[in-house]
Amino acid sequence: MIQDFIENHKLPVGETAEWLVDVIKSFPGLLNGIRSVILWIYTGFESFFLFFPPWLLIIIIATIAYWSAKKVNLGLLTLLGLLLIWNLGYWENMIYTLSLVLSSALAAILVGIPLGIWTAKSKIMYRIVTPVLDFMQTMPAFVYLIPVVTFFSIGEVPGIIASFIFAMPPTVRLTTLGIQQVPAELVEAANAFGTTSVQQLFKVEIPLAKKTIMAGINQTIMLALSMVVIASMVGAKGLGRDIFIAVSQIQVKIGVEAGLCIVILAILLDRITQSFGNREPKLNK
Amino acid sequence: MFMKAKIKVSRLTKIYGRQTKQALSLLSQGKSKEEILKETGCTIGVNQVDFEVREGEIFVIMGLSGSGKSTLIRLINRLIEPTSGSVYVDGEEITKLNPERLRNVRRKKMSMVFQKFALFPHRTVLENVAFGLEIQKKAKEERYQKAMDALRLVGLQDYASQFPHQLSGGMQQRVGLARALANDPDVLLMDEAFSALDPLIKKDMQDELLELQGRMKKTIVFITHDLDEALRIGDRIGLMKDGSIVQLGTPEEILMKPNNEYVQRFVEGVDFSKVITASRVMKRAESITLGKDGIRVALKRMKNLGLSSIFVVDRNKRLVGAITAEKAAAAIQSGSEDLESLLEKNVPQTDMDTPLYELFEEAAVTTIPIAVVDHERRLRGVIVRGAILAALSGNGVRKT
């Protein structure tokens, strides 16, 4: 009886999702707008990086890496790592991947930080956003590809958007955490001096939450990088595509080389963003 | 001396809970805190408090933790929104201001100093002090200049580029004080400002506050749980218990005339010698006048009054010295008439406002009483050892 009832009354979960996708598809203007913005960001990064000859870009990035932490080791590591990628012949693909990662991370940061601040300030938002973020992070990332491809067809844009959805949660979460962790007495002190809520946010809360927010950004970049192979399945260029091909054709050589390039890129991005996050050592109590 | 009311607080009430309206009406019916808690689930933070703070005075609100004093001070600048009642500053009703005008009052008229300093760790000392001016969007040059002036006031001009955590607690609180002063507010709200400091540093800070106050004449509302501190710095003290002010008066009034058992118990352990001043224990001074009375008059008067020495003043009542009975008798025997040559000029003396504990040492060694003089050196009274002892035991002090 109960069994019959449960088995014969399937809830229309999938149907609802399909309906939702159809609804969103009925706004082609909006989708095209998003598409052109994302594409504009991506091609911006891509043509910027490809504008420099590899050796010059390697020197620039290594210098930035050194300057971010004032550590010679990090500069040297960056120099050697990028040289290796160049040497193995994956320079251009690395640039595509880097542009993809930076585009989706940038989008995630631009959306994630304001959302995180709002979530920290509003209890209702907190109750809504937390489960949504859990959902975004645990839903297998492949699933995002399906609606994203229906909306944006194939190429870089759907890859970036899927990465964006998957990579945004840490920025939101850690921004919220960072703002909430600002000691209440400092917020009170700011108020006692007559701050507006905007002044309170920019002069007290964000500067004090900066370290935590940077940790979120770092996580977001790492997650975006972990999406590159998946993004290549919908047609994004780069190291991800190399690996995808290597897997489907069982090519150990390409697989190992491209994989190594991703590892190098991951380490460099991680170290450099971390050292930007830890920049004010004076703050350490 | 202090006439104008700078801050006026009238029936100010803060109720925490959901059914505040109901609790408020019960409160006005005179129900007790416990009854209201039982009926509505609301707790009374501050209960229909009335007081006035006069321009230029240090008004201390003193109470134990949970007495509502920290809530009360925050109701004044509305960091906590009052449930009912009103606060006026210079006649302006703070409790009716819209957010923008309230911000303006906080920016220009009232500054606050916090118990745990609440300095911004990401800003240098100078940037912390300049915070209030930055919020007012003052030009960088002006705000740093004013901030430096404020730092100079508290003696920290050399630490401007340090970060707060590099300073000691006492120095941090000086920064807190400088930050509050940089806006040049009329009113300073100090919430347990010195409570987190070591006892010795605390005393230094109290001295410094009194010294600064002597120059600046701000109106200060000072919260503390430390009775000694309240007695030391307060021009007037409001004693709080369970959200109400149970007694309000000068330090001496509180000590000498506690108006209920709670206050009585509170002041029991107090070191009276720090509060009672010379003028309160002095006795009428017997004196002779130089150029009018002679040695014989002096000796006769001492004999009549049973004294072993007597003070000598000039015709304007200014203290000149003292003469002992022994010397006077010897002089008469040897036929000398010159009173002035017999005078003991180096007599122990003190002014009217000196607290008793500063007189202990003098009283212990002197053979003649301590003379109490006013600021024109006129003899106003004398203090004998017995009077000091009587005062310390809580008796023998002249009531005002």
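None of the values given here were measured: they were computed from a predicted structure. Sequence positions are assigned chain by chain, starting from 1 and proceeding in written order. Starting at A for chains and at 1 for ligands, labels are handed out in the order in which the entities are written. The model is predicted, so local features are restricted to residues of pLDDT at least 70 and side-chain atom pairs to those at 80 or more, both for listing and for counting; the totals for chains, interfaces and linings are taken over all residues. Derived side-chain values reflect all non-hydrogen atoms in the structure, with water molecules and hydrogen atoms excluded from consideration.

(A) The arrangement of the sheet that holds strand 13 (residues 319-324) of chain B in detail. Residues and elements named next belong to chain B. Paired strands are those between which DSSP finds at least two bridges. Under the DSSP-based scheme used, a helix requires at least four consecutive residues in state H or I and a strand at least two consecutive residues in state E, with every element numbered from the N terminus. Ordered in space as 11-12-13, the 3 strands form an open sheet in which the pairing is mixed. The open sheet has two edge strands with one neighbour each: strand 11 (287-289) and strand 13. Strand-to-strand twist across the sheet, computed as the mean angle between neighbouring axes with direction ignored, equals 35°. In the packing of helix 14 (residues 295-305) onto the sheet, the strands contacted are strand 11, strand 12 (309-313) and strand 13, and the crossing angle to strand 12 comes to about 135°. Residue contacts are counted whenever heavy atoms from the two residues lie within 4.5 Å of one another. To get an axis, a line is fitted to the C-alpha atoms, and for a helix only the part in contact is used. The angle between two axes follows their N-to-C directions and goes from 0 to 180 degrees. Together, strand 12 and strand 13 form the strand contacts of helix 15 (residues 325-334), whose direction differs from that of strand 13 by roughly 75°.

(B) How the structure looks around the sheet that holds strand 2 (residues 43-54) of chain B. Residue and element names in this part refer to chain B. Taken together, 4 strands build an open sheet; the order of strands is 2-1-4-5 and the sheet is antiparallel. Of all the strands in the sheet, the pair left with one neighbour each is strand 2 and strand 5 (92-93). Sheet analysis places strand 1 (residues 5-16) next to strand 2, joined by 8 bridges and oriented antiparallel. In the sheet register, Tyr16 faces strand 2, and the bridge partner there is Thr43. The sheet contacts of helix 1 (residues 20-28) involve strand 1, strand 2 and strand 4 (84-89), and relative to strand 1 the element is tilted by about 115°.

(C) Inspection of the pattern of salt bridges at higher detail. Residue and element names in this part refer to chain B. We define a salt bridge as a side-chain nitrogen of Lys or Arg found within 4 Å of a carboxyl oxygen belonging to Asp or Glu. A complete count under the given rule lists 32 salt bridges over all chains for this structure. Across the salt bridge formed by Arg11 and Asp50, the nearest N and O atoms sit 3.8 Å from each other. Placement of the pair is Arg11 in strand 1 and Asp50 in strand 2, with a sequence separation of 39 residues. On the basis of relative accessibility, which here comes to 45%, the residue Arg11 falls in the partly exposed class. Per-residue accessibility, obtained with a 1.4 Å probe over protein chains only, is compared with the maximum for each type, and a residue is labelled buried under 20%, exposed over 50%, and partly exposed between these values. Here Asp50 falls in the partly exposed class, since its relative accessible area comes to 39%. Note that Asp207 is salt-bridged to Lys203, the shortest N-O span being 3.6 Å. Residue Asp207 and its partner Lys203 are both found in helix 9 (residues 199-216); the two are separated by 4 residues, about one turn of the helix. Residue class for Asp207 comes out partly exposed when judged on its relative accessible area of 33%. A residue is classified by how much of its surface remains accessible, and Lys203, at 39% relative accessible area, is partly exposed. Linked by salt bridges that have partners in common, Lys6, Asp90, Lys109 and Asp186 make up one network.

(D) Spotlight on the pairing of strand 6 (residues 110-113) of chain B. All names here are of chain B. Judged by which residues are buried, strand 6 turns out to be covered on both faces: Met110 and Met112 on one side and Ser111 and Val113 on the other are all buried. In this structure, strand 6 lies alongside strand 7 (residues 187-191), joined through 4 bridges in parallel fashion. Note that in strand 7 the partner of Ser111 across the bridge is Leu188.

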